[in-house]
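Remarks on the overall topology
Read off the chains here:
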Amino acid sequence: MENGVLEDIDVTVTFLEMHVPPAYSPPVPYNRQIALLKTKDIPLHFYRYLMDRVGRKWHWVNVLRLNDEELSAGIHREDRDIRVLYLDGAPAGFFDLKPHLPEEVELAYFGMMEHATGQGIGRWFLGAAIAAAWSHGPKRVTVQTCTLDHPAALPLYQKLGFAPVAQKKEIVHPMAFAERSASVMRP
């Protein structure tokens, strides 16, 4: 970090596709208080909160750099499908589906907060996201992951039926804490 500016990070992005729904969905974890709720007109501050808490460690920054109008135009589209995972009554993760019908539904964001990881929920949660994507009736479901994401992300996507179709190099411009705070805590 020089003069308060974080250094850019080189990443490899892997693009994955699924052309048929999986034969089975992972079971709901038992003895857990879990809810998965579909949002309607999610407040911008709550979406930014989810994006920050789920994506901070993985440098999910693009959405946090959008102004209110840009973010609202994207997440408040009628076809957008955003669902929030709750564990023991508190937010624990989310996924965000972007239908590009009739051909494709993109699993644009998927992740859990740190307190929810390592508890046997992830496989079921990804299965629920995949089922939600297929419920829109596309010909394929797509997702992308990069070398900054959780190391289990790519293998889990593949275990649940996604196949890699391409890779490309990109540069991530990290957010300093002050910039991230200003985004999440805006008036």
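Residues numbered from 1 in each chain as written. Predicted model: local features only at pLDDT ≥ 70, side-chain atom pairs only at ≥ 80, totals over all residues. Heavy atoms only, no water.

In the annotation of an unreviewed UniProt entry, the entry for the protein chain reads N-acetyltransferase, and the organism field reads Mesorhizobium sanjuanii.

**Quick look at the sheet that holds strand β3 (residues 81-87)**
Spatially, β2-β3-β4-β5-β6-β1-β7 is the arrangement adopted by the seven strands of the open sheet, whose pairing is mixed. For this open sheet the edge positions go to β2 (34-38) and β7 (163-172), each flanked by a neighbour on one side alone. Averaged over neighbouring strand pairs, the angle between their axes works out to 25° when direction is ignored. Packed onto the sheet, helix α3 (residues 122-134) meets β1 (9-18), β2, β3, β4 (90-100), β5 (104-112) and β6 (140-146) and runs at close to 155° relative to β5. (Pairing = 2+ DSSP bridges. Helix = DSSP H or I, 4+ residues; strand = E, 2+ residues; numbered from the N terminus. Axes fitted to C-alpha atoms, helices over the stretch in contact; angles between N-to-C directions. Contact = heavy atoms within 4.5 Å.)

**Concerning the nonpolar core**
Soluble globular proteins: nonpolar side chains tend toward being buried together. One finds Phe95, Leu107, Phe110, Phe125, Leu126, Tyr157 and Phe162 to be the most contacted residues of the largest nonpolar core, which totals 29 residues. Listing elements by their share of this core, those giving two or more residues are β1, β3, β4, β5, α3, β6 and α4 (153-159). Ranked by the residues each element gives to this core, the list is headed by α3, at nine residues. The residues contacting leucine 107, other than those within four sequence positions of it, are Phe95, Asp96, Leu97, Leu126, Ala129, Thr142, Val143 and Tyr157. Counting residues in hydrophobic clusters, the runner-up holds 27 residues, among them Trp58, Ile82, Phe94 and Tyr109. (Core = buried A, V, L, I, M, F, W, Y, C linked by side-chain atoms within 4.5 Å. Buried < 20%, exposed > 50% of the residue type's maximum accessible area, 1.4 Å probe, protein only.)

**Quick look at the UniProt feature "domain: N-acetyltransferase" (unreviewed entry) in the protein chain**
Residues annotated in UniProt with the feature "domain: N-acetyltransferase" (unreviewed entry) correspond here to residues 32-180. In this annotation, residues 32-180 is assigned 30% helix and 33% strand; the end-to-end C-alpha distance for the span is 32 Å. (UniProt positions renumbered as here; feature names shortened; annotations may be inferred.)

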